[in-house]
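Letter by letter, the chains look like this.
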Amino acid sequence: MQYASGDYWLFVDSDDYLDSHALETLAKVTANDKYDMIYFNTYVVDEKGEKLQILQVQPPQKKDTTLEESPELIQTFPAAWNKLYKRSLFEDGIRYQEKKWFEDLDVALKFYLKAKRILFIDDVLYYYLQRKGSIMSDSNVQRNMEMLDIFDSILQYYQEKGALEKFRDQIEYLAVWKIMILVMSRINMAEPDSKLQDKLVDYMEKNFSKLSSKSIFEEYGCKKFYEGYNCIQKKL
C-alpha cells in the first residue's frame, strides 16, 4: 500500500477479477469527488467461471449517506473487495491487520466512522472465486477467536474518536451476530465441547453490558434472536 499513488484504491484478491466495465463505471461515479467509499455488488463464481450467486450488499435506507445519518451501516457486509476507497481514508495509518482473520471488519467499521460520504450502487463489478482454503472452509478452530482481537481494535478506535457511546448499540448488535452466532457456531460444529465457547461468553459479558436487556434486539426487530441468545448462555 505504501507504493500506491492513485486518488482511489481497489482491492482484488489474487484469484478474483473485476468486471470489464468496473473501472469505467467507478470513474464516472467519482468524477464529482464527493464520496470516500463506494459499495458495489459481487458475483460468486466457481473455478470454471460459472456464476453461483450474487452477493448483493444490503444498503441502508439512504444509498447516499454517512454513518451519522445511517447507523445501520455498521451491519453492512464488510469485505475489502466490494468497495472503492478514497486514498485519504488510509492517511492516518488505518491498515488491514496482516495474517489476521476478519481483518476486513476492523477496517470497514473504522472507515464508516471516518468517511464523509458513502454511496451504494447496484452494479455487479466484482467476481469472487469460491475456493477451498477460505475462512469459511478452514477447520482451524482456534483462529476463530481472532474475532475478539478485531472487536478490541474497533472498540478502542471508536473510544479514541469519542464515538463509542453514540454507536455502542449498533456495535453490540454486530458483536452478537459475529461472536455469538458466527464464531460460536463454527466452534460448536467443529468441537462441541470446546472451552473456547466459554471465553466467547465471558468476552461478551465483559464488553457488552446491555445484552441483558431486550431493548437492543427489539429495536432491530429481533426479539426471537434475543431469546435464542439467552438460551445459548444458559446452556454454557
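Our subject in this report is the structure included herewith. (Residues numbered from 1 in each chain as written. Predicted model: local features only at pLDDT ≥ 70, side-chain atom pairs only at ≥ 80, totals over all residues. Heavy atoms only, no water.)

Turning our eyes to something else, we now look at the pairing of strand β4 (residues 51–55). The pairing of strand β3 (residues 37–45) with β4 spans four bridges and is antiparallel. By the bridge assignment for β4, tyrosine 43 is matched with isoleucine 54. Hairpin remark: β3 followed by β4, antiparallel, with five residues in the connecting loop; positive phi at glycine 49, about 85 degrees. (Pairing = 2+ DSSP bridges. Helix = DSSP H or I, 4+ residues; strand = E, 2+ residues; numbered from the N terminus.)

What follows concerns the packing of aromatic side chains. Within this structure, the stated rule accounts for 18 aromatic pairs. An angle of 55 degrees between the planes, with centres 5.9 Å apart, marks the rings of phenylalanine 11 and phenylalanine 90 as tilted. Of the two residues, phenylalanine 11 is situated in the loop between β1 (8–9) and β2 (17–18) and phenylalanine 90 in the loop between β6 (83–86) and α2 (103–114); the sequence distance between them amounts to 79 residues. Overall, the relative accessible area of 2% leaves phenylalanine 90 in the buried class. The interplanar angle of 80 degrees and the centroid separation of 6.1 Å between the aromatic rings of tyrosine 173 and tryptophan 177 together place this pair among those described as edge-to-face. One end of the pair, tyrosine 173, and the other, tryptophan 177, are both in helix α4 (residues 164–190), four residues apart, so they sit about a helical turn from each other. According to the relative accessible area criterion, tryptophan 177 is partly exposed, its value standing at 33%. (Phe/Tyr/Trp six-rings, centres within 6.5 Å; stacked < 30°, edge-to-face > 60°. Buried < 20%, exposed > 50% of the residue type's maximum accessible area, 1.4 Å probe, protein only.)

Notably, aspartate 33 is not glycine yet its phi reads approximately 55 degrees, a positive angle. Locating aspartate 33 in the fold gives a position in the loop between α1 (22–29) and β3. In this model, phenylalanine 102 sits at a positive phi of 65 degrees, which is unusual for a non-glycine residue. One can find phenylalanine 102 in the loop between β6 and α2.

Let us look at the nonpolar core. By size, the foremost hydrophobic cluster in this structure holds 53 residues, and its most contacted members are Phe151, Tyr158, Ile171 and Ile179. For this core, the leading source of residues is α4, giving 11 residues. Residues in contact with isoleucine 179, not counting those within four places in the same chain, are Met147, Leu148, Phe151, Met184, Leu200, Tyr203 and Met204. (Core = buried A, V, L, I, M, F, W, Y, C linked by side-chain atoms within 4.5 Å. Contact = heavy atoms within 4.5 Å.)

For the structure shown, the criterion picks out 14 salt bridges. One salt bridge connects glutamate 69 with lysine 62, and the closest N-O pair in it is separated by 2.7 Å. Salt-bridge contacts for arginine 117 lead to aspartate 64; the nearest nitrogen and oxygen are separated by 2.7 Å. Taken together, the residues span a long stretch of sequence, with arginine 117 in the loop between α2 and β7 (118–129) and aspartate 64 in strand β5 (residues 64–65) at a distance of 53 residues. Here the salt bridges do not stand alone but share partners, grouping Lys34, Lys62, Asp64, Glu69 and Arg117 into one network. (Salt bridge = Lys/Arg side-chain N within 4 Å of Asp/Glu carboxyl O.)

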